[in-house]
2 protein chains.
Amino acid sequence: MPLPTHVRIVEVGPRDGLQNEAQPISVTDKVQLVDALTAAGLGYIEVGSFVSPKWVPQMAGSAEVFAQIQRKPGVVYGALAPNLRGFEDALAAGVKEVAVFAAASEAFSRRNINCSISESLERFGPIMDAARQHGVTVRGYVSCVLGCPYEGHVAPEQVALVARELYAMGCYEVSLGDTIGTGTAGATRKMFEVVSKEVPREKLAGHFHDTYGQAVANIYASLLEGISVFDSSIAGLGGCPYAKGASGNVATEDVVYLLNGLGIDTGIDLDALMLAGQQICTVLGRPTGSRVAKARSAQ
Amino acid sequence: MPLPTHVRIVEVGPRDGLQNEAQPISVTDKVQLVDALTAAGLGYIEVGSFVSPKWVPQMAGSAEVFAQIQRKPGVVYGALAPNLRGFEDALAAGVKEVAVFAAASEAFSRRNINCSISESLERFGPIMDAARQHGVTVRGYVSCVLGCPYEGHVAPEQVALVARELYAMGCYEVSLGDTIGTGTAGATRKMFEVVSKEVPREKLAGHFHDTYGQAVANIYASLLEGISVFDSSIAGLGGCPYAKGASGNVATEDVVYLLNGLGIDTGIDLDALMLAGQQICTVLGRPTGSRVAKARSAQ
């Protein structure tokens, strides 16, 4: 299979990234981050999450962020909507695309969202209906696709089942996440091979964590399987909630560096991207998680 | 091409790694490191370098290290011998395998070893003769195979020329090094494709630096090209002399994790390997450069 000529990067730093940083940051800083990412040429930015700030204080103010960002035509500004209440808040904030979140592991689903996988899928029904009614597109996430912190091994067939359900209920794209970063290249290829029997490859995305240093290799392996959409986080924001101090989301800079090297178009300006990374790291007072950014700034 | 079923790891931490750490460590600590690596199941350990301690103080005492390590039958304990004087010192220390070092970039050769590529190859002649005479095997390194800090792009054909010369003069294996870590997966495959027209694939090794976060992906790309020998450094020892604070040699732990995931045998015990990494990081007072070690220790 030839490598794709174009890859779409879904920038999850402002949501998945910041949500897993210890310290909440201001609405102003979030807006600056999103605007810098827009300026760098990203075509999809996950801006926030409509969830109670009591549970996730880092995501407080998502409606204000949506109100203040400079929207560039053609760029998708998405938000996580974990339930119907969240969806309605997102809608009120002018959000045109939301994401819903399921797990491929029963144990993870129960511990993380407090219900079984099938119950979680059922709960998405009203969100899907409301989204259709309001012309809002819905992206689906499946977590733990290459391993679970509680169950260990997760069968690709199980991932395929959950992905198929999300696709069948109307998610236009399903992002498959190696939440704990334990997957390696062969398992990644096998997983996409199995899942693509249920959902077309062009409707699948890869979401890799670099906790075990495998994310860039797993993205290359996914490209070899015809996958052309990848989630990543500016400066590697987020870390790993299952291994404190370890890496989480793969850094967008490192993914773009790979894709540039492979001659695959992303529409992203790496220098502007690194500027966005530097700014948010200064705000957070943390070093970048991007090796490319480290190497470039050390020169 | 099917993936290899077995991979040989050449552990370069005690030489290439420690040589690029700021602080020299004691002979006792070096011996403990080599013994711990032997215990972890490494089949090849580059123990030291026979070079003037005036130029490379980190490599002082290599003869003493060789005298004190516990040699396990079947394990190769190699040393860098940059010139005939170094070779003779290595021989006197009981070394049975040495490595010589050339560059694929003319500018790097001149700045790093103060002579042209062809002059450097000529200087290896007497070492090769002496090695043959004493039954010492010689491994060749080529640096800057995917980019040069001074010249930028390096043509794969140029790498092939240098590799062919080293192989023709008697190096039983030629290790191709991405010294500055700028290579990506496609360039890696192309480079091995071109070089393997001059030197058989089974006589080639990959030596990747993780400076831009690409090393594990490049190793996976190399495996897809039929390469089955890789150099790596315990705990990612070494750093990058061309970008202070950035990563250098890929961490052995992260490579073994990839290979375990792919079901490729290495004979290495990952737990024992991580113990060796912990010990040397304690000695050096630096954090590990291995993402696997970080993730495991954070759990």
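Residues numbered from 1 in each chain as written. Chains lettered and ligands numbered in written order. Predicted model: local features only at pLDDT ≥ 70, side-chain atom pairs only at ≥ 80, totals over all residues. Heavy atoms only, no water.

1. Regarding the overall build of chain A
Threshold: Under the DSSP-based scheme used, a helix requires at least four consecutive residues in state H or I and a strand at least two consecutive residues in state E, with every element numbered from the N terminus. Put simply, the radius of gyration uses C-alpha atoms, and a globule should come to 2.2 Å times the residue count raised to 0.38. For every residue, the accessible area obtained with a 1.4 Å probe (protein chains only) is divided by the maximum for its type, and the residue is called buried under 20%, exposed over 50%, and partly exposed between those limits. Only heavy atoms enter the contact rule, under which two residues are in contact if any of them lie within 4.5 Å.
On a plain count of helices and strands, chain A comes out with 12 helices and eight strands. Scaling as 2.2 N^0.38, a compact globule of 299 residues should have a C-alpha radius of gyration of about 19 Å, and chain A matches this with 17 Å. If you line up chain A on its principal axes, its C-alpha atoms span 50 × 45 × 35 Å. Taken over 299 residues, chain A has a buried fraction of 59%. Across chain A, every contact between residues at least 6 apart in sequence was considered, and the portion connecting residues at least 24 apart equals 75%.

2. Considerations on the side chain of A:Ser175
Residue and element names in this part refer to chain A. Residue placement: Ser175 occurs in strand S6 (residues 173–178). The class for Ser175 is buried, based on a relative accessible area of 0%. Discounting chain neighbours no more than four positions away, the residues touching Ser175 are Arg139, Gly140, Tyr141, Val142, Ala205, His207 and Asp231.

3. Quick notes on a negative patch on the surface
Defined as follows: Residues enter patches when their relative accessible area tops 30% and they take part in no salt bridge; the joining distance is 9 Å for like charges and 5 Å for the nonpolar side chains Val, Leu, Ile, Met, Phe, Trp and Tyr. Computed with the Shrake-Rupley method and a 1.4 Å probe, the accessible areas treat only the protein chains shown as cover for residues. Only one rule defines a salt bridge in this text: a Lys or Arg side-chain nitrogen within 4 Å of an Asp or Glu carboxyl oxygen. Charge counting treats Lys and Arg as positive and Asp and Glu as negative, with His and both chain ends excluded. Working definition for charges: the position is that of NZ of Lys, CZ of Arg, CG of Asp or CD of Glu.
Together, A:Glu106, A:Glu119, A:Glu122 and A:Glu151 make up a region of like negative charge exposed at the surface. By relative accessible area, A:Glu151 is classed as partly exposed at 40%.

4. Comments concerning the nonpolar core
Convention followed: What we call a nonpolar core is a set of buried Ala, Val, Leu, Ile, Met, Phe, Trp, Tyr and Cys residues that are connected through their side-chain atoms within 4.5 Å.
Membership of the largest hydrophobic core comes to 200 residues, with the highest contact counts inside it found for A:Leu166, A:Leu176, B:Leu166 and B:Leu176. Sequence-distant contacts of B:Leu176, that is, excluding residues within four places in its chain, are made with B:Val142, B:Val145, B:Val159, B:Ala163, B:Met191, B:Phe192, B:Val195, B:Leu204, B:Ala205, B:Gly206 and B:His207.

5. Observations regarding the pattern of salt bridges
Side chains that differ in sign of charge can pair as their charged atoms come close. Scanning the entire structure with this criterion turns up 25 salt bridges over all chains. In this structure, A:Arg201 and A:Glu225 form a salt bridge, with 3.2 Å as the shortest nitrogen-oxygen distance. With a gap of 24 residues between them, A:Arg201 in the loop between helix H8 (185–195) and strand S7 (204–208) and A:Glu225 in the loop between helix H9 (215–224) and strand S8 (229–232) connect regions that are remote in the sequence. Residue classification places A:Glu225 among the buried positions, given a relative accessible area of 10%. For the salt bridge of B:Arg286 with B:Glu21, the shortest nitrogen-to-oxygen distance reads 2.4 Å. Here B:Glu21 lies in the loop between helix H1 (13–19) and helix H2 (27–39) and B:Arg286 lies in the loop between helix H11 (270–284) and helix H12 (291–298), a separation of 265 residues in the sequence. Salt bridges linked by common partners bring A:Arg8, A:Arg139, A:Glu173 and A:Asp231 together as one network.

6. As for H8(A)
Regarding H8(A), the residues found buried are A:Ala185, A:Thr188, A:Met191, A:Phe192, A:Val194 and A:Val195. Among the structural elements, helix H7 (156–168), S6, S7 and H9 of chain A together with helix H9 (215–224) and helix H10 (252–261) of chain B are those in contact with the buried residues of H8(A).

7. Structural notes on the packing of aromatic side chains
All names here are of chain A. How we decide: Side-chain rings of Phe, Tyr and Trp, where Trp is taken by its six-membered ring, are said to pair if the distance between their centres is within 6.5 Å; with planes under 30 degrees apart they count as stacked, over 60 as edge-to-face, and otherwise as tilted. By the criterion adopted, a ring carries a charge over it if an Arg CZ or a Lys NZ lies within 6 Å of its centre and within 35 degrees of its normal.
Tallying each qualifying case throughout the model produces nine aromatic pairs over all chains. Seen from their ring centres, Phe101 and Tyr141 are 6.4 Å apart, and the 55° between their planes marks the pair as tilted. One end of the pair, Phe101, is in strand S4 (residues 97–103); the other, Tyr141, is in strand S5 (residues 137–143), and 40 residues separate them in sequence. For Phe101, a relative accessible area of 24% translates into the label partly exposed. Sitting over the ring of Tyr150, Arg111 keeps its end group 4.1 Å from the ring centre. Its end group placed over the ring of Tyr44, Arg139 keeps NZ or CZ at 5.6 Å from the ring centre.

8. Overview of the sheet that holds strand S8 (residues 229–232) of chain B
Residues and elements named next belong to chain B. The condition is simple: At least two DSSP bridges between two strands are required for those strands to pair. Between N-to-C directions, angles span 0 to 180 degrees; the directions come from axes that are lines fitted to C-alpha atoms, helices contributing only their stretch in contact.
With parallel pairing, the eight strands of this closed barrel are ordered in space as S1-S2-S3-S4-S5-S6-S7-S8. Within this sheet the neighbouring strands show an average axis-to-axis angle of 30°, counted without direction. Across the sheet, helix H8 (residues 185–195) touches strand S6 (173–178) and strand S7 (204–208), and the angle it forms with S7 is around 155°.

9. Structural notes on the interface of chain A and chain B
Worth spelling out the cut-off: The term buried area refers to how much accessible surface (probe radius 1.4 Å) is lost by two components on association, counted for both of them together. Between N or O atoms, a polar contact is any pair within 3.5 Å; within protein, one atom must be a potential hydrogen donor and the other a potential acceptor, and residues adjacent in sequence are included only when both atoms are from side chains.
Listed as interface residues are 33 residues of chain A and, on the opposing side, 33 residues of chain B. Summing both partners gives a buried area of about 2800 Å² for chain A against chain B, and 56% of it is carried by carbon and sulfur. Per-residue buried area on chain A facing chain B is highest for A:Tyr212, A:Tyr257 and A:Arg291; these three make up 28% of the total on that side. Inspection of the region where chain A meets chain B yields two salt bridges. A salt bridge links A:Arg291 to B:Asp210; the nearest nitrogen and oxygen atoms lie 2.2 Å apart. Summed over the shared surface of chain A and chain B, the result is 10 residue pairs in polar contact (both at pLDDT 80 or more). For the side of chain A that touches chain B, the element with the most residues is helix H12 (residues 291–298) of chain A, which contributes six residues.

10. Structural notes on the confidence of the model for chain A
Worth spelling out the cut-off: Per-residue confidence from the prediction method is given by pLDDT, with values spanning 0 to 100.
With 99% of its residues at a pLDDT of at least 70, chain A reaches an overall mean of 95. Two summary scores accompany this predicted model of the complex, namely pTM at 0.96 and ipTM at 0.95.

11. Brief notes about the relation of the copies chain A and chain B
Defined as follows: Fitting of the copies onto one another was done by least squares over C-alpha atoms, counting residues only where both copies have pLDDT of at least 70.
With an RMSD of 0.0 Å, chain A superimposes on chain B once it is rotated by 180° and translated 0.0 Å along the axis. On the angle and the small slide along the axis, the relation comes out as a two-fold axis. Considering only C-alpha atoms, the residue of chain A closest to the rotation axis is A:Ala217, which sits at 1.9 Å. Taken together, the interface assignments show that 100% of the residues at the interface of chain A recur at the interface of chain B, consistent with an identical surface on both copies.

12. Overview of the environment of A:Phe124
All names here are of chain A. Within the element layout of this structure, Phe124 appears in helix H6 (residues 117–133). On a C-alpha basis, the gap between Phe124 and Asn218 in space is 29 Å, while along the polypeptide they are 94 residues apart. Those residues within four positions of Phe124 in sequence are excluded, and the remaining contacts are Pro82, Val100, Phe101, Ala102, Leu166 and Met169.

13. Here we look at the sheet that holds S8(A)
All names here are of chain A. Ordered in space as S1-S2-S3-S4-S5-S6-S7-S8, the eight strands form a closed barrel in which the pairing is parallel. Taken over all neighbouring pairs, the strand axes of this sheet differ in orientation by 30° on average, direction set aside. Across two bridges, the pairing between strand S1 (residues 8–11) and strand S2 (residues 44–49) is parallel. Paired with Val10 across the bridge in S2 is Tyr44. Its contacts with the sheet put helix H10 (residues 252–261) on S1 and S8, and the angle it makes with S1 is roughly 175°.

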